[in-house]
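Chain by chain, the residues run as shown.
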Amino acid sequence: MSSQQEQVEITKTNYLKKGNQLEEAGKLNEAISLRSASRHAAYKQAIELKPDNPKLYVDLAKAQTQQGDLNGAIAVYKQAIELKPDNPKLYLDLAKAQTQQGDLNGAIAAYRKAIELNVKNPFSVHKHLGDALKQQKKLDEALAAYETAKNLEPKHPGIYNCLGATHHQQGNWEEAVAAYKKAIELAPERPHYYRQLIQLGYIEEAFECLQQTLNKNFV
């Protein structure tokens, strides 16, 4: 271990010791804050040692997120992307931070870039993309993202709930009802899916779905 690496570990250890002392004194919030600061300081020092390692930037960004510094985290994620622009996971991390910050335009662009780079688990990325588009009232685009997610995992009940809610917002009642019914078919134990039908005014349909579930369970 080099002298610089040793200094990183010493810095981190000193912070952790102080954190333990604060916790023992009953100052839990201060202890948590100090431990987060220790990670932050250690990662920054590690980056000085290896400025070409994108993982260190991700670790720093996560520490900044825990401290509530979303602007700083987003800036650091972008630095990581400059080092590794073909890594879809970096765009996904960036999109999540931008969503927390409220930068939906940035998040949508980052989700789309992650998809373009063949991110792992594309279902959840398309779903998150749909959520961001729906928040922006871009309902046609949101439906397209949800439909892609549905095609990737056609037995995931949650995606039908997303489709139902979006169709509901557009006034597509038949499509909304069909989507909610499919969600109930796949996950009949989830009461909020029945409530969605009731809120649309389809009380009889909700009761029929419930009756079918009960019949299946007691046959």
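The structure under discussion appears in the preceding block.
Because the structure is predicted, anything quoted here is derived from the model rather than measured.

Student: Is there a simple way to explain the packing of helix H5 (residues 88–101) against helix H6 (residues 104–116) in this structure?
Tutor: Relative orientation and spacing of two packed helices are given, respectively, by the angle between their axes and the distance between those axes. Closest axis-to-axis distance for the H5/H6 pair is 8 Å, and the angle between their directions is 160°. As judged from the angle between their axes, H5 and H6 are roughly antiparallel. Between H5 and H6 lies a crossing whose hand is left-handed. Packed against H5, whose contacting residues are Pro 88, Tyr 91, Leu 92, Leu 94, Ala 95, Lys 96, Gln 98 and Thr 99, the element H6 presents Gly 106, Ala 107, Ala 110, Tyr 111, Lys 113 and Ala 114 at the interface. Class assignment for the residues of the contact of H5 with H6 results in nine nonpolar, three polar and two charged.

Student: Help me understand the nonpolar core, please; the structure alone is not making it clear to me.
Tutor: One broad trend across soluble globular proteins is that nonpolar side chains are buried collectively. Within the largest apolar cluster, 53 residues are counted, with the highest numbers of intra-cluster contacts made by Tyr 77, Tyr 111, Ile 159 and Leu 197. Every residue in contact with Leu 197, bar those within four places of it in the chain, is listed here: Val 177, Tyr 180, Lys 181, Ile 184, Tyr 202, Glu 205, Ala 206 and Cys 209.

Student: Help me understand the pattern of salt bridges, please; the structure alone is not making it clear to me.
Tutor: On inspection of all chains with the given rule, the structure shows eight salt bridges. Ionic pairing is found between Arg 190 and Glu 189, a salt bridge with its closest N-O pair at 3.7 Å. What makes Arg 190 partly exposed here is its relative accessible area of 32%.

Procedures and definitions
- Residues numbered from 1 in each chain as written.
- Predicted model: local features only at pLDDT ≥ 70, side-chain atom pairs only at ≥ 80, totals over all residues.
- Heavy atoms only, no water.
- Axes fitted to C-alpha atoms, helices over the stretch in contact; angles between N-to-C directions.
- Helix = DSSP H or I, 4+ residues; strand = E, 2+ residues; numbered from the N terminus.
- Parallel < 35°, antiparallel > 145°, perpendicular 65-115°, else oblique.
- Left-handed = near helix turned anticlockwise from the far one by under 90°.
- Contact = heavy atoms within 4.5 Å.
- Nonpolar A, V, L, I, M, F, W, Y, C, P; charged D, E, K, R; others polar.
- Core = buried A, V, L, I, M, F, W, Y, C linked by side-chain atoms within 4.5 Å.
- Buried < 20%, exposed > 50% of the residue type's maximum accessible area, 1.4 Å probe, protein only.
- Salt bridge = Lys/Arg side-chain N within 4 Å of Asp/Glu carboxyl O.

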